[in-house]
Amino acid sequence: MSDNEGDELDGESVSTRTHRTTGKKRSIEKVRTGPGVLGKYKRLAQWLGRSEDTFIDFDLVFRVGMEYEASDDDSGDDDESTRTDTERDDDDVDQSHYRHVFTIISENIPTFNSDLKKFKKDPDALESLCDQMSKSLGFAHSDDIRILREDGLDYVASTQPNKNLMPDIPAYSSKPTYRGWNHPVLAELLCPVEHIEKFRAHPAGTIQNFMNGTLRVTADQLCLFMYRNHTVDYENLMDGLLCSDLIKMTWRRIFQNARSATKGRRIKRKRGKPEKTYVLSSVTPRSIAYATLHTRWFLCGVEDWRKDDGKVNKETLYYTIINLFKKKDMKCWSEAVLHEWNKDMFQNKKKYETRSASLSALFEQSRRQSLALMTPAPASNSIPSFFTTYRTRSVTSFFVPRVCQGLTSAIQSIAPFITICDHQGHTSESTISTCFE
């Protein structure tokens, strides 16, 4: 692609990269055909990282998607579609997921088809775009971490009997010092369910065993914070799993942009235009897994966000949760969990819409009544034609109870000092109080 062609596309430069073979710097051509398209790719990448795949590889997504579109062998695709999940290997599942994400990108970027032609001509431009989308995804993770780092402690406090987290954790304090195994409440929430009875019998000793490595937490273990009301039925470990209020509050904060699930500490937040232009119409297993990762993060004593934090591999935990929903023997459990989540997250939408419509109707009715009460009374012959009198008694009795109850007493207190005029033009004092009888 020539420089002149890039100028005709009316776009912006993706980045400047070092060529892998020659080592020379070269400017990547402009790859968009309309204003703000690169920003749309980056915003979509943030959303895909939250809702579809936290550890997504955009380079693989484009590679698999483009190969799938270029393939003319329809019989192979039909054979694959007829196989069940148990017959497909991990590579087939990944391929299907990458194609699914590729389809989402193609449906949400208006200039995708024309951009795809440019990517085929200039693979470096596609590679640079994938890098930009990955960086944007990292910014989304950082933004969620920044907010949930402090808000998450309020969520924990709301689940305690006295609505307080004791001992208290100072705002913006060091996580390795105050969280994880260094805090008794957070340590219990992070404890695997197979060690809960031991923890509650001997908390100090159990915490020490976790800290010195005698006991370990792995990504495939079920922790107490994942359960509803932080209670475990050992006869049925799936009962209440992933129905924790902590995870639900975290989900609301990420996907519904709820300012706060509970009242608590005041956290300074950056002001700016909202970046989340996509919304979920229903709760998905992948969004639950993403919220679970963040819930565990603000409970633990690790500062950074990496795949492997030295204790639990986040990527393994993420896909372990997703695979629970895919297992055929877990179908009843997964349907019950998703039903509960969707009911909790979206049940009030219709209620709020109905209430809003009712309030609008009430305001309209009140407005019409006030206009009817304010219609001019028949003019008196003793009053000049350019004066208009209103039914003051009715108007006052309508507005005073609805606007301010204290207005009556305030006017009555100054009534002796007010002079009013009757229809005959005579003045009299202290008669305004009769308007409020």
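Caption draft 1: Examining helix α11 (residues 203-212) more closely. When α11 is considered as a whole, its buried residues turn out to be T206, I207 and F210. Down the axis of α11, the buried side of the element spans an arc of 100°, and every buried residue falls inside it. Here the buried face of α11 lies against α9 (184-190) and α10 (196-201). With its phi angle positive at about 90°, G213 sits one or two positions after the end of α11.

Caption draft 2: Region of the structure containing the state of the cysteines. Counted according to the given criterion, the structure contains zero disulfides. In this structure C223 is a free cysteine whose sulfur lies 7.6 Å from that of C191, the closest cysteine sulfur available.

Caption draft 3: Highlighting the environment of C300. Topologically, C300 is positioned in the loop between α13 (285-299) and α14 (314-326). C-alpha of C300 to C-alpha of W181: the two residues are 119 residues apart in sequence and 7.5 Å apart in space. Dropping the residues within four chain positions of it, C300 is found in contact with K175, R179, G180 and L190.

Caption draft 4: Quick look at the pattern of salt bridges. Tallied over the full model, the rule gives 11 salt bridges. Of the charged contacts, one joins R63 and D59 as a salt bridge, the two residues approaching to 2.6 Å between their closest N and O atoms. Of this pair, R63 and D59 both sit in helix α3 (residues 58-70), separated by four residues, roughly a single helical turn. R63 sits in the partly exposed class, given a relative accessible area of 43%. Measuring nitrogen to oxygen at the nearest pair gives 2.8 Å for the salt bridge that ties E340 to K248. Of the two residues, E340 sits in helix α15 (residues 331-346) while K248 sits in helix α12 (residues 245-255), which places them 92 residues apart along the sequence. Accessibility assignment for this pair places E340 and K248 in one class, buried. Taken together, the shared-partner salt bridges in this structure form one network comprising R149, E150, R179 and E303.

Caption draft 5: Quick peek at α12. Burial analysis of α12 places nine of its 11 residues in the buried class, which makes it a mostly covered element. All buried positions along α12 are accounted for by L246, I247, K248, M249, T250, W251, R253, I254 and F255. The residue sitting at the N-terminus of α12 and contributing the capping side-chain oxygen is S244; that oxygen lies 3.1 Å from the backbone nitrogen of L246. Backbone geometry just downstream of α12 places N257 in the positive-phi region, at approximately 55°.

Caption draft 6: Focus on empty space enclosed by the protein. Considering all chains together, one arrives at one cavity of 30 Å³ or more under this definition. The computed volume of the largest cavity comes to approximately 30 Å³. What lines the largest cavity is V217, T218, A219, Q221, C223, F225, M226, R296, V312 and L317. A per-class count over the lining of the largest cavity returns seven nonpolar, two polar and one charged.

Caption draft 7: The packing of α13 against α14, seen in detail. Contact geometry of α13 with α14 gives a least axis separation of 9 Å together with a crossing angle of 145°. When the axes of α13 and α14 are compared, the crossing they make is right-handed. Of the residues in α14, those touching α13 at P285, R286, I288, A289, Y290, T292, L293, R296 and W297 are K314, L317, Y318, Y319, I321, I322, F325 and K326. Partitioning the contact of α13 with α14 into residue classes produces 12 nonpolar, one polar and four charged.

Caption draft 8: Region of the structure containing the nonpolar core. Membership of the largest hydrophobic core comes to 92 residues, with the highest contact counts inside it found for Y41, F62, I105, V156, L242 and W333. The dominant element in this core, judged by the number of residues it contributes, is helix α7 (residues 123-158), at 11 residues.

Caption draft 9: Fine view of the side chain of T295. You can see T295 is positioned in helix α13. When neighbours within four sequence positions are excluded, T295 is seen to be in contact with F225, L246, I247 and T250.

Caption draft 10: The arrangement of the packing of aromatic side chains in detail. For the coordinates displayed, the defined rule picks out 14 aromatic pairs. Residues F102 and F112 carry aromatic rings whose centres are separated by 5.3 Å and whose planes lie at 75° to one another, so their mutual orientation is edge-to-face. Residue F102 is found in helix α5 (residues 90-108), and its partner F112 is found in helix α6 (residues 112-121); the two are separated by 10 residues along the sequence. Of the residues examined, F102 reaches a relative accessible area of 4% and is grouped as buried. In this structure F112 comes out as buried when scored by relative accessible area, which is 1%. Judged by centre distance (6.2 Å) and plane angle (70°), the rings of W251 and W341 are edge-to-face. Separated by 90 residues along the polypeptide, W251 in helix α12 and W341 in helix α15 bring together distant segments of the chain. Comparing W251 with W341, the two get one shared label, buried. In this structure an aromatic cluster arises from ring pairing among W47, W251, F255, Y290, W341 and F346. One residue, K175, lies across the ring of W297, its end atom 3.4 Å from the ring centre.

About the criteria used
Residues numbered from 1 in each chain as written. Predicted model: local features only at pLDDT ≥ 70, side-chain atom pairs only at ≥ 80, totals over all residues. Heavy atoms only, no water. Buried < 20%, exposed > 50% of the residue type's maximum accessible area, 1.4 Å probe, protein only. Helix = DSSP H or I, 4+ residues; strand = E, 2+ residues; numbered from the N terminus. Arc of directions from axis to C-beta. Contact = heavy atoms within 4.5 Å. Disulfide = S-S within 2.5 Å. Salt bridge = Lys/Arg side-chain N within 4 Å of Asp/Glu carboxyl O. Polar contact = N/O pair within 3.5 Å; in protein donor to acceptor, adjacent residues only side chain to side chain. 1 Å grid on protein atoms, 1.4 Å probe; cavity = no way out; pocket = protein on both sides within 12 Å on 5 of 7 lines; lining within 4 Å. Points joined across faces, edges and corners; volume = space filled by probe spheres on them. Nonpolar A, V, L, I, M, F, W, Y, C, P; charged D, E, K, R; others polar. Axes fitted to C-alpha atoms, helices over the stretch in contact; angles between N-to-C directions. Left-handed = near helix turned anticlockwise from the far one by under 90°. Core = buried A, V, L, I, M, F, W, Y, C linked by side-chain atoms within 4.5 Å. Phe/Tyr/Trp six-rings, centres within 6.5 Å; stacked < 30°, edge-to-face > 60°. Lys NZ or Arg CZ within 6 Å of the ring centre and 35° of its normal.

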